[in-house]
Amino acid sequence: YKSAGREPLSRLFALRGACDDILIVKQGLLTDTSIANIALSDGIHWYTPAHPLLKGTKRAELLDKGILTEKDIRMEELPAYSTIRLFNAMIDWGEVELPADCLHPVF
């Protein structure tokens, strides 16, 4: 659960500076943010990371409905996507949508 053992996430979140949240990369692959699953659009399809930290219930529902497709997404592939959505059981699909170029890597 993301709500249990949050110390590693809290340490990462503290590094965000003036940013609103963090985008977690594990072993070179995007996973999710500190509070939500993510999906990226190439302008035609919506993809969600195949290996998130938490496979949430909303994510499972969107996969079951065919709205999302699982995919390994590398940080360096971000320019191929136009839009990112954050979602979870409390953030509706489409409620938080941003242009993908607003993401700024911090290492």
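Residues numbered from 1 in each chain as written. Predicted model: local features only at pLDDT ≥ 70, side-chain atom pairs only at ≥ 80, totals over all residues. Heavy atoms only, no water.

A.B. asks: Got a minute to help me understand the pattern of salt bridges in this structure?
C.D. replies: Pairing is possible between side chains that carry opposite charge, provided their charged atoms lie close to one another. Counted by the stated rule, this structure contains four salt bridges. When the shortest N-O distance is used, the salt bridge between glutamate 61 and lysine 58 registers 3.6 Å. Here glutamate 61 pairs with lysine 58, and both are found in helix α2 (residues 57-64), just three residues apart, close to one helical turn. Relative accessible area serves as the criterion here: at 18%, lysine 58 is assigned to the buried category. Between arginine 85 and glutamate 97 there is a salt bridge; the shortest N-O distance is 2.5 Å. Residue arginine 85 is found in strand β6 (residues 83-87), and its partner glutamate 97 is found in strand β7 (residues 96-99); the two are separated by 12 residues along the sequence. When its relative accessible area of 15% is taken as the criterion, arginine 85 is described as buried. (Salt bridge = Lys/Arg side-chain N within 4 Å of Asp/Glu carboxyl O. Helix = DSSP H or I, 4+ residues; strand = E, 2+ residues; numbered from the N terminus. Buried < 20%, exposed > 50% of the residue type's maximum accessible area, 1.4 Å probe, protein only.)

A.B. asks: When you look at the pairing of strand β2 (residues 29-33) in this model, what are you seeing that I'm missing?
C.D. replies: Looking along a regular strand, one sees side chains alternate from face to face of the sheet. With five of its five residues buried, β2 lies for the most part within the structure. As defined by bridge partners, strand β1 (residues 23-26) adjoins β2 across three bridges and the pair is classed as antiparallel. Within β2, the position partnered with leucine 23 by the bridge is threonine 33. Two successive antiparallel strands, β1 and β2, enclose a turn made up of two residues, where glutamine 27 displays a positive phi of approximately 55°. (Pairing = 2+ DSSP bridges.)

A.B. asks: Explain the sheet that holds strand β5 (residues 69-71) here, please?
C.D. replies: Backbone-to-backbone hydrogen bonds pair the strands of a sheet. The strands run either parallel or antiparallel. Pairing within the open sheet is mixed, and its five strands lie in the order β5-β4-β3-β6-β7. Each end of this open sheet is capped by a strand with a single partner; those strands are β5 and β7. Across this sheet, the average inter-strand angle for adjacent strands is 35°, counted without regard to direction. The pairing of strand β3 (residues 37-41) with strand β4 (residues 46-49) spans two bridges and is antiparallel. Bridge pairing links leucine 40 to tyrosine 47 in β4. (Axes fitted to C-alpha atoms, helices over the stretch in contact; angles between N-to-C directions.)

A.B. asks: What am I meant to see in the packing of aromatic side chains here?
C.D. replies: How two aromatic rings sit relative to each other is given by the distance of their centres and the angle of their planes. Enumeration over the complete set of coordinates arrives at three aromatic pairs. Centroid distance tyrosine 47 to tyrosine 81: 6.3 Å. Interplanar angle 70°. Geometry classified as edge-to-face. Taken together, the residues tyrosine 47 in strand β4 and tyrosine 81 in the loop between β5 and β6 connect sequence positions 34 residues apart. Overall, tyrosine 47 belongs to the buried group, its relative accessible area being 14%. Aromatic ring contacts, followed pair by pair, group Trp46, Phe87 and Trp93 into a single cluster. Taking the ring centre of tyrosine 47 as reference, the NZ or CZ of lysine 71 above it sits at 4.5 Å. We note arginine 85 situated over the ring of tryptophan 93; from NZ or CZ to the ring centre the distance is 4.6 Å. (Phe/Tyr/Trp six-rings, centres within 6.5 Å; stacked < 30°, edge-to-face > 60°. Lys NZ or Arg CZ within 6 Å of the ring centre and 35° of its normal.)

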